[in-house]
6 protein chains.
Amino acid sequence: MNREERYTTGLKVLSEVDGEAGQRVVDSLADVSPELGHQVVAWAFGDMYARPELPPRDRQLVTLGVLAALGGCEIELDVHVNAALNVGLTATEVAEALLHTAVYAGVPRSINATLVAKKVFAERGLPPVNNLG
Amino acid sequence: MNREERYTTGLKVLSEVDGEAGQRVVDSLADVSPELGHQVVAWAFGDMYARPELPPRDRQLVTLGVLAALGGCEIELDVHVNAALNVGLTATEVAEALLHTAVYAGVPRSINATLVAKKVFAERGLPPVNNLG
Amino acid sequence: MNREERYTTGLKVLSEVDGEAGQRVVDSLADVSPELGHQVVAWAFGDMYARPELPPRDRQLVTLGVLAALGGCEIELDVHVNAALNVGLTATEVAEALLHTAVYAGVPRSINATLVAKKVFAERGLPPVNNLG
Amino acid sequence: MNREERYTTGLKVLSEVDGEAGQRVVDSLADVSPELGHQVVAWAFGDMYARPELPPRDRQLVTLGVLAALGGCEIELDVHVNAALNVGLTATEVAEALLHTAVYAGVPRSINATLVAKKVFAERGLPPVNNLG
Amino acid sequence: MNREERYTTGLKVLSEVDGEAGQRVVDSLADVSPELGHQVVAWAFGDMYARPELPPRDRQLVTLGVLAALGGCEIELDVHVNAALNVGLTATEVAEALLHTAVYAGVPRSINATLVAKKVFAERGLPPVNNLG
Amino acid sequence: MNREERYTTGLKVLSEVDGEAGQRVVDSLADVSPELGHQVVAWAFGDMYARPELPPRDRQLVTLGVLAALGGCEIELDVHVNAALNVGLTATEVAEALLHTAVYAGVPRSINATLVAKKVFAERGLPPVNNLG
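Computed from a predicted structure; not experimentally measured.

### Examining the pattern of salt bridges
Pairing is possible between side chains that carry opposite charge, provided their charged atoms lie close to one another. Under the criterion given, the structure shown has 84 salt bridges over all chains. For glutamate 96 of chain C, the salt bridge is made with arginine 51 of chain A, and the minimal N-O distance between the two is 2.8 Å. In this pair, glutamate 96 of chain C sits in helix H6 (residues 91–105) while arginine 51 of chain A sits in the loop between helix H2 (34–49) and helix H3 (56–70), so the two residues belong to two different chains. No difference in accessibility class separates glutamate 96 of chain C from arginine 51 of chain A, as the two residues are buried.

Right, dumping it as structure tokens:
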């Protein structure tokens, strides 16, 4: 695949996985670093995400772990909590994955990521998660 | 202690140390991950913070160091600057602890944490800190 | 469950998931902070890992993401690459999860985590992973 | 140089490099930790930045790399994207430096830093950057 | 104070707080970046650590929090666990401060820092810490 | 360019910039994640590094900033300190860039990166750097 074909492949994956939220981030880069937007589409989604070695649901679990651990990635967590729901994780599973990060990345990172999930769940009209027990 | 007793212990410590600010964070998790709220209370405060090996004032110095170093923890720093004042650190000591982090975590992390302290000090009506010299 | 029962539950999970590698880390804490070893067993494994909301394979994907992103966690990655293989991820899937982290945590974190996986795969006598393509 | 002379030197460098943006950060510390403001001026700019071993343009490239990698440094990136432009980097070069960080710090850190640059470029009335290709 | 006097002040503090361990780090920089060694002594210890707003014991609690949270700071933790013991923290208190970081920085960072403390305690011939309970 | 051509381009850049040190890292991935090695060559060097918007010397300044700030990247710093010298930075400039990171990433990160530079300078038989003053 050449540069244009990789972009086309990536755009298809981005659209299936991230929906509008991912496209909005790419669009936000159009007048400051369109090449970064291109790399997100062509490399991150076209070359990497599209690989068959792990299905999207598994990739989103890894991604949630990375983004929660990094901290300061509210914009990207917004996209990837949406993506996680798009590829088959339930809201309860997303909340549990982020709860799990408390063990390895600490409680503050876990709380911050969970508050992004809360916002996304509300925007999508999902019912409250009750994971007590 | 069982799960409920650990929660009760934790709630007492949380209330003494963090006051309303900590409770607000726990409340904010109620409809997205109440178990994370439970772990904050029962584990972080009931099991860990309540241990007698270090008094609350010492724990807050460690916590300020961790949160300043992590970055992106404005919500938690808000709670823990309040907590620091609640358990006996003065505003000057809080500012100094955060100034001290500049050496080890760099100036930007120190500035960001200090600006959270500024907000908390103002909300509590504290006079300006003059630590020049 | 009380403190002792949580420890017993955690020990069972730790043993199933991490095998000897996790126990070695807990043992290494015995003469410096046995309470930290206790918390790893009773809290991290007994309270958190044992929750049914996500199966072990999913938890390991999140954990690999967090540990790769944090950096400097070679000891813990050694344990959790072993754990990942123990709970059903293949070597190819582990390598792919760590390759995936390059997008979000950068190439150096991905390389460092992958080199830990290389060591673990070799210790377990696994054949080379060929994921080119 | 004594404390006062270092401050004077630093203020001159700060003013040349950061312009008003840096002064605003120092001012924001005046009533919470004026000593931190003093250290920014006297140490960071007077002692360190003023050293002749690297010219300002080179220092800003290093600084952009550090701040993008740390994450959660939007306030400081705002100052230092301005500084980068003040000392001779073009908007295209700033965007490229931040694009370059995607390789080493991951795509989210690169995006977040680039969005700060976008804001600064707009505030300065700069034309869109087209770095596709 | 001028540059030389700040260095002399810093050297006195460094020697009191860090003992030989700090000096070894400064010495290790002598043929690659003696100015960095100078800044450690004159700025970190002479200007910052020597300030009376917080006593050394308090500063070491903050420092342990920062270094544990950063990760990858084994060399510096070695110095600062020694420093913590030199300025009046007991081995049990050091272990507890590092246990406390598990809540905020996660279990891996806490374990890694605790294993450095284990090494330092052994080098100083201290008895095992028993903090169970 | 297709996948193979991007790899060929990247290999040429990698060889010019990193010399043997970069190739060794790629080789070390051959039996665990050859695709990660491919991405390093084809994407990091072929697509990104080769872009004309910044010359190699500028890219290395950014890279040194990122790697020092991340911490735990000794393997990659080894490669990129070598690369920095290969593309025209002097040992004094490398030491200064890493000294500069102390302001933004803190003294420990700066020391750790500088000690990697010390090792590389020694391996290349460079004379001591004297940057005092």
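We are not done yet, so read on.
### Section: the interface of chain E and chain B
Across the boundary between the two partners, chain E contributes 32 residues, which contact 32 residues of chain B. Surface buried jointly by chain E and chain B totals about 3,000 Å² across both partners, of which 67% is contributed by carbon and sulfur atoms. The residue glutamate 96 of chain E makes a salt bridge to arginine 59 of chain B at a minimum N-O spacing of 2.8 Å. Counting across the chain E and chain B interface gives 14 residue pairs in polar contact (both at pLDDT 80 or more). For the side of chain E that touches chain B, the elements supplying multiple residues, two or more each, are helix H3 (34–49), helix H4 (56–70) and helix H6 (91–105) of chain E. Here the residues of the side of chain E that touches chain B are counted per class, giving 17 nonpolar, 8 polar and 7 charged.

### Quick look at the relation of the copies chain E and chain B
At an RMSD of 0.0 Å, chain E and chain B line up after a rotation of 180° and a shift of 0.0 Å along the axis. Both chain copies can therefore be described as sitting about a two-fold axis. The share of interface residues of chain E whose copies in chain B are also at the interface is 100%, consistent with both copies meeting through the same surface.

### Digging into the interface of chain F and chain E
Accessible area lost upon the coming together of the parts is a frequently used measure of interface size. Contact residues are listed per partner, giving 19 residues for chain F and 22 residues for chain E. Between chain F and chain E the total buried area reaches about 1,800 Å² when both faces are included, carbon and sulfur atoms providing 66% of it. Considering only the surface of chain F that becomes buried against chain E, Arg109, Ile111 and Lys118 of chain F emerge as the three largest contributors, covering 26% of it. Where chain F touches chain E, the interface holds 1 salt bridge. Of the charged contacts in the structure, one is a salt bridge between lysine 118 of chain F and aspartate 31 of chain E, with a shortest N-O distance of 3.5 Å. Counting across the interface, chain F meets chain E through 8 residue pairs in polar contact (both at pLDDT 80 or more).

### Details of the packing of aromatic side chains
Throughout the structure, instances matching the rule amount to 9 aromatic pairs over all chains. Pairing tryptophan 43 of chain A with tryptophan 43 of chain F gives two aromatic rings, centres 3.4 Å apart and planes at 0°, and the pair type is stacked. One end of the pair, tryptophan 43 of chain A, is in helix H2; the other, tryptophan 43 of chain F, is in helix H3 (residues 34–49), on a second chain. Overall, tryptophan 43 of chain A belongs to the buried group, its relative accessible area being 1%. With 5.3 Å between their ring centres and 20° between their planes, phenylalanine 45 of chain D and tyrosine 49 of chain D make a pair best called stacked. With phenylalanine 45 of chain D and tyrosine 49 of chain D both in helix H3 (residues 34–49), this residue pair falls 4 residues apart, about one helical turn. Look at tyrosine 49 of chain D and you get buried, because its relative accessible area is 3%.

### Some points on the UniProt feature "domain: Carboxymuconolactone decarboxylase-like" (unreviewed entry) in chain A
Residues annotated in UniProt with the feature "domain: Carboxymuconolactone decarboxylase-like" (unreviewed entry) correspond here to residues 34–118 of chain A. Its end C-alpha atoms 31 Å apart, residues 34–118 of chain A is made of 84% helix and 0% strand.

### Quick word on the environment of alanine 83 of chain A
Residues and elements named next belong to chain A. When you line up the elements, alanine 83 lands in helix H4 (residues 74–86). Sequence separation between alanine 83 and serine 15 is 68 residues; the distance between their C-alpha atoms is 9.7 Å. For alanine 83, the residues in contact, after removing those within four places along its chain, are Val17, Asp18 and Gln60.

### With respect to the relation of the copies chain F and chain E
Expressed as a screw transformation, the operator carrying chain F onto chain E has a rotation angle of 120° and an axial translation of 0.0 Å, and the superposed copies differ by an RMSD of 0.0 Å. The transformation just described matches what one would write down for a three-fold rotation axis. Minimal C-alpha distance to the rotation axis in chain F is attained by glycine 72 of chain F, lying at 2.9 Å.

### Topic: the domain arrangement of chain A
All names here are of chain A. Taken domain by domain, chain A consists of domain 1 (1–53) and domain 2 (54–133). Each of domain 1 and domain 2 was reduced to a C-alpha centroid, and the two centroids are 21 Å apart. In this complex, domain 1 contributes 12 residues to the contact, which on the side of domain 2 involves 12 residues. Carbon and sulfur atoms make up 55% of the area that domain 1 and domain 2 hide from each other, which totals about 850 Å². Connecting domain 1 to domain 2 are 0 salt bridges.

### Some details on the nonpolar core
In this structure, Val94 of chain A, Val94 of chain B, Val94 of chain C, Val94 of chain D, Val94 of chain E together with Val94 of chain F are the most contacted members of the largest nonpolar core, which totals 312 residues. In this view, valine 94 of chain E contacts Leu64, Val81, Ala84, Leu85, Leu89, Ala117 and Phe121 of chain E; residues no more than four positions away in its chain are not counted.

Each value, and the rule that gives it
All residue numbers here refer to positions counted from 1 along the written sequence of the relevant chain. As a convention, the first chain written is A and the first ligand written is 1, with the rest following in written order. Given that the model is predicted, a residue must reach a pLDDT of at least 70 before its local features are reported, and side-chain atom pairs must reach 80 or more before they are shown or counted; all residues, however, enter totals for whole chains, interfaces and linings. Side-chain calculation: all heavy atoms of the structure are included, whereas hydrogens and water are not. Here a salt bridge means any side-chain nitrogen of Lys or Arg lying within 4 Å of a carboxyl oxygen belonging to Asp or Glu. Note on conventions: DSSP H or I runs of at least 4 residues are helices, E runs of at least 2 residues are strands, and numbering of each starts at the N terminus. Burial status follows relative accessibility: with a 1.4 Å probe on protein chains alone, a residue under 20% of its type maximum counts as buried, one over 50% as exposed, and anything between as partly exposed. Contact criterion: two residues are considered in contact whenever any of their non-hydrogen atoms come within 4.5 Å of each other. Joining two parts hides part of their accessible area as seen by a 1.4 Å probe, and the buried area is that hidden amount summed over both. N or O atoms closer than or at 3.5 Å make up a polar contact, with two conditions inside protein: a donor-capable atom paired with an acceptor-capable one, and, for residues adjacent in sequence, both atoms drawn from side chains. As a working rule, the residues Ala, Val, Leu, Ile, Met, Phe, Trp, Tyr, Cys and Pro are called nonpolar, Asp, Glu, Lys and Arg charged, and the rest polar, with Gly in that last group. Least-squares superposition aligns the copies on the C-alpha atoms of those residues with pLDDT at or above 70 in both. Each Phe, Tyr or Trp ring (for Trp, its six-membered ring) is paired with any other whose centre lies within 6.5 Å, and the angle between the two planes then decides the class: stacked below 30 degrees, edge-to-face above 60, tilted in between. UniProt positions are given in the numbering used here, feature names are shortened, and annotations may be inferred rather than shown by experiment. Reported domain spans reflect what an automatic or database domain assignment gives. We define a nonpolar core as any set of buried Ala, Val, Leu, Ile, Met, Phe, Trp, Tyr and Cys residues linked to one another through side-chain atoms lying within 4.5 Å.

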